[in-house]
Amino acid sequence: MAKVMLKGVTKKFGNVVAVRNESLEINDGEFLVLLGPSGCGKTTTLRLIAGLEEPTEGEIYIGDKLVNNIPPKDRDIAMVFQNYALYPHMNVYQNISFGLRLRKLPKEEINQGVKKAAEMLGIGELLQRKPKELSGGQKQRVALARAVVRNPKVYLMDEPLSNLDAKLRVQTRGELIKLHKRLGVTTVYVTHDQVEAMTLGDRVVVMNEGEVQQEGRPKEVFDNPVNRFVASFVGTPPMNFVNVKIVEKNKNMYAVSEGFELKIVDAHRDILAKKGYIGKNMIMGIRPKDLFSEVEVKKDEKMAMQPFKVLIDFVELMGSETFIHFRLGDDNVKFVARASSDHDYAMGDTVLLYIDPFHIHLFDEESSKAVI
Ligand SMILES: Nc1ncnc2c1ncn2[C@@H]1O[C@H](COP(=O)(O)OP(=O)(O)O)[C@@H](O)[C@H]1O
Ligand SMILES: [Mg+2]
């Protein structure tokens, strides 16, 4: 086990900056999730840690050791590649045991290790098959088993569940959490799936366009996104956004858009005034969970909330909840509210929704940074 550290790491491929000035500290035994859209530099970050790419600038440490000049095989990491990278001419047993055989472990020890890993991942029946005789999900589990069977300082996992079907993904996610609890090996796990990131990570690092945007516990990132990108990337359905102007009227402050206005609560009003946002345009963000249909708001909660009438565009029945799609204000901005499915909603209905004004987000129009 070891901690992993990146200090000011940049990686360029010709003119493309895949990773820019990235600094990360992954604690000994931590499960860190790198989250971001396709092309944001997640795989490159893992390959840099593994030693498969050389940084253009910056330093990489594993344990207390600077590893910039240490070849991959001497870094004691196990990587699960996005495209599995199984050896096609070897069967599943040989693939899983490859690293152990290379290190000339006793045969009995190899046997037991392979058996345990294969059982854990539900591929015990497939040990004699060649990769071409496996489905995508099975290949992915072989790749995981090949990493699990080793006892490295660090696991690097590149979207290892992306090819599993929904049920198997949830199941394997559970297995990974248990495995990590048991072995406590430092793990860097890459995904573009924010649900996976939220459920797996001790800590999440959100990336975009090669740069770290925010790091924190999943709940911190969800509750207090530092900018509009993180706010929109984390959470389903995504946060709603509307352009507003901050105005003062009769000693109160409002966020005003075409045909819609929201009274700003005192705590937010003071911050906006102090930071000079009166009269300025901002972007307001409201999570679907902070919009409530009238039937769901208790009487004593109504006092603190603000009602507004909407015409339902369409509804999505999700099972235990219903997403209500509507347009906000005269600019027809698309919005989604999340309601319980205990009540029926239908396209064309007019409903009264309540906004919880304490939980709104306000972003600077130019920098997109969160102010509230
Ligand atoms: N070997 C390479 N040569 C040129 N460009 C690359 C190479 N590897 C990655 N890139 C570019 O670097 C950026 C980040 O890629 P990558 O780390 O694979 O993103 P992610 O894993 O987040 O989808 C992308 O723009 C990608 O096209
Ligand atoms: Mg990738």
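Okay, so let's go over this structure. (Residues numbered from 1 in each chain as written. Chains lettered and ligands numbered in written order. Predicted model: local features only at pLDDT ≥ 70, side-chain atom pairs only at ≥ 80, totals over all residues. Heavy atoms only, no water.)

## Here we look at the nonpolar core
Here's step 1: Ile96, Ile123, Tyr189 and Val206 are the most contacted members of the largest nonpolar core, which totals 45 residues.
Here's step 2: The element that contributes the greatest number of residues to this core is helix H4 (residues 136-148), accounting for 6 residues.
Here's step 3: Here Ile123 is in contact with Ile96, Ala118, Gln138, Arg141, Val142 and Ala145, once residues within four sequence places are set aside. (Core = buried A, V, L, I, M, F, W, Y, C linked by side-chain atoms within 4.5 Å. Buried < 20%, exposed > 50% of the residue type's maximum accessible area, 1.4 Å probe, protein only. Helix = DSSP H or I, 4+ residues; strand = E, 2+ residues; numbered from the N terminus. Contact = heavy atoms within 4.5 Å.)

## A short note on H4
Here's step 1: Between its first and last C-alpha, H4 extends 18 Å over 13 residues, near the 18 Å set by a 1.5 Å rise per residue.
Here's step 2: Among all positions in H4, only Gly137, Gln138, Gln140, Arg141, Val142, Ala143, Leu144, Ala145, Arg146, Ala147 and Val148 are buried.
Here's step 3: Where the residues of H4 are buried, they touch strand S6 (77-80), helix H2 (92-102), helix H3 (107-120), strand S7 (154-158) and helix H5 (166-183). (Expected span 1.5 Å × (residues − 1).)

## A look at H3
Here's step 1: The terminal C-alpha atoms of H3 lie 20 Å apart, and with 14 residues this matches the ideal 20 Å at 1.5 Å per residue to within 8%.
Here's step 2: Along H3, the residues that are buried comprise Ile110, Val114, Ala117, Ala118 and Met120. Seen end-on, H3 carries its buried residues on one side only, within an arc spanning 160 degrees. Exposed and oriented more than 90 degrees from the buried face of H3 are Gln112, Lys115, Lys116 and Glu119.
Here's step 3: Along its buried surface, H3 packs onto H2, H4 and H5. (Arc of directions from axis to C-beta.)

## Considerations on the sheet that holds strand S16 (residues 306-317)
Here's step 1: With antiparallel pairing, 5 strands are arranged side by side in an open sheet as S15-S19-S16-S17-S18. Taken across any chain shown, the strands that pair with only one partner, and hence form the sheet edges, are strand S15 (291-293) and strand S18 (333-340). Put simply, the sheet's adjacent strands are angled 50 degrees from each other on average, direction ignored.
Here's step 2: Bridge count between S15 and strand S19 (residues 350-355): 3 bridges; the pairing is antiparallel. Looking at S19, one finds that Phe292 is bridged to Tyr354. (Pairing = 2+ DSSP bridges. Axes fitted to C-alpha atoms, helices over the stretch in contact; angles between N-to-C directions.)

## Quick look at the pairing of S7
Here's step 1: The element S7 is largely enclosed, with a buried count of 5 among its 5 residues.
Here's step 2: Where burial is concerned, the two faces of S7 agree: the one with Val154, Leu156 and Asp158 and the one with Tyr155 and Met157 are both buried.
Here's step 3: Here S6 runs beside S7; their pairing, made up of 4 bridges, is parallel. Residue pairing for S7: Val80 is matched across the bridge by Met157.
Here's step 4: The sheet contact formed by S7 and strand S8 (residues 186-191) spans 5 bridges and is parallel. If you follow Asp158 over to S8, its bridge partner there is Val190.

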